[in-house]
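Report on the structure
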Amino acid sequence: LTFIGDGNNVAHSLILCGCLLDVEVRIACPKKYEPAPQIIKKAMELNNNFKLTVTDDINGAVRGANVLYTDVWSSMGEENGKQIKDKDFKGYSIDSDLVNKADKDAIVLHCLPAYRGKEISEDIIESDKSRIFDQAENRMHIQQALLSCLLS
């Protein structure tokens, strides 16, 4: 699984989940946007055989990947730094050229909402490789189930 984007909340969750499921995880992000060292340390403590790569080489990170995953560059509450992040993340977008470097059967994920043309291109969101809307539907059902349990 290759995540392309900010090494914050989504990347942290994927790292911890990947170590528990013994899935190789690659994080492609610009320098200074790497995941928190304490998250990486925790993942390695949980699984010392966990294969994690953090790199600013987006092309190398996607080569042969089965899953490409991205998220918005600026999370909620980070709107003030949006222009800086847009500049820093230029080139860290999932587009057809990048998808072609992944495994031929690779799928693409995004936790939505997406800024089409920034972190992911319009054609990839709507492509047959996209599982973005299935992913969103699955999240909706899980969130409904959680609400049902919590409100019962």
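As shown above, the structure is provided for reference.
Residues numbered from 1 in each chain as written. Predicted model: local features only at pLDDT ≥ 70, side-chain atom pairs only at ≥ 80, totals over all residues. Heavy atoms only, no water.

**Digging into the overall build of the protein chain**
The criterion, for reference: Each helix is a run of DSSP H or I of at least 4 residues and each strand a run of E of at least 2, with the numbering of both proceeding from the N terminus. Each radius of gyration reported is based on C-alpha atoms, and the globular scaling rule is 2.2 Å times the count of residues to the power 0.38. Each residue is placed in one exposure class: buried if its accessible area under a 1.4 Å probe, protein chains only, is under 20% of its type's maximum, exposed if it is over 50%, and partly exposed if it falls in between. Contacts were defined at the residue level, with two residues in contact if any of their heavy atoms lie within 4.5 Å.
Within the protein chain, the secondary structure is distributed over seven helices and five strands. Order of helices (α) and strands (β) in the protein chain, N terminus to C terminus: β-α-β-α-β-α-β-α-α-β-α-α. Relative to its length of 152 residues, the protein chain is compact, with a C-alpha radius of gyration of 16 Å against a globular reference of 15 Å. Along the first, second and third principal axes, the C-alpha set of the protein chain runs to 45 × 40 × 35 Å. Classification of the 152 residues of the protein chain by burial places 41% in the buried group. Considering only intrachain contacts with a sequence separation of at least 6, the fraction spanning at least 24 residues in the protein chain is 73%.

**Quick look at the sheet that holds strand S4 (residues 67–70)**
This is how the line gets drawn: Only strands joined by at least two bridges in the DSSP assignment are considered to pair. Interaxial angles span 0 to 180 degrees and are taken between N-to-C directions of axes, which are lines fitted to C-alpha atoms, for helices over the stretch in contact.
What the five strands build is an open sheet, ordered S3-S2-S1-S4-S5; its pairing is parallel. What marks the edges here is a single partner per strand, and that holds for strand S3 (52–55) and strand S5 (107–110). Averaged over all pairs of adjacent strands, the angle between their axes in this sheet comes to 20°, without regard to strand direction. Bridge count for strand S1 (residues 2–4) against strand S2 (residues 25–28) is three bridges, and the pairing is parallel. Across the sheet, residue Phe3 finds its bridge partner in S2, namely Ile27. Seen against the sheet, helix H1 (residues 9–21) touches S1, S2, S3 and S4 and runs at an angle of roughly 160° to S2.

**A look at the nonpolar core**
Considering soluble globular proteins, one finds that nonpolar side chains tend to be buried as a cluster. The test is simple: Residues grouped as a nonpolar core are buried Ala, Val, Leu, Ile, Met, Phe, Trp, Tyr and Cys residues, joined through side-chain atoms within 4.5 Å.
Within the largest apolar cluster, 39 residues are counted, with the highest numbers of intra-cluster contacts made by Ile4, Ile15, Ile27, Leu68, Ile94 and Val108. Per-element tally for this core: the top contributor is H1, with five residues. In contact with Val108, not counting residues within four places along its chain, are Leu68, Ile94, Val99, Ile120, Ile124, Lys129, Ser130, Arg131 and Ile132.

**Digging into the environment of Ile40**
Along the chain, the position of Ile40 falls in helix H2 (residues 37–46). What makes Ile40 partly exposed here is its relative accessible area of 23%. For the pair Ile40 and Leu52, spaced 12 residues apart in sequence, the C-alpha separation works out to 8.5 Å. Not counting the four nearest positions on each side in its chain, Ile40 is found in contact with Pro35, Leu52 and Val54.

**Section: a nonpolar patch on the surface**
Heads up, the rule is: Think of a patch as exposed residues, more than 30% relative accessible area, with no salt bridge, where like charges cluster within 9 Å and nonpolar side chains (Val, Leu, Ile, Met, Phe, Trp, Tyr) cluster within 5 Å. Computed with the Shrake-Rupley method and a 1.4 Å probe, the accessible areas treat only the protein chains shown as cover for residues. For this analysis, a salt bridge means a side-chain nitrogen from Lys or Arg found within 4 Å of a carboxyl oxygen belonging to Asp or Glu.
Residues Ile142, Leu146, Leu147, Leu150 and Leu151 make up a contiguous nonpolar surface patch of roughly 590 Å² in combined accessible area. One can find Leu147 in helix H7 (residues 132–151).

**Looking at the state of the cysteines**
The condition is simple: Two cysteine sulfurs form what is called a disulfide whenever their separation falls within 2.5 Å.
One pass over the full model with this rule turns up zero disulfides. No disulfide involves Cys19; its sulfur sits 8.3 Å from that of Cys17, the nearest cysteine. Residue classification places Cys19 among the buried positions, given a relative accessible area of 2%. With no disulfide of its own, Cys29 has Cys111 as its nearest cysteine by sulfur position, at a separation of 16 Å.

**Side note on the side chain of Ser74**
Tracing the backbone shows Ser74 in the loop between S4 and helix H4 (82–88). Taking the relative accessible area as the measure of exposure, Ser74 reaches 14% and is therefore buried. The contact partners of Ser74, leaving out residues within four places of it in the chain, are Lys82 and Lys85.

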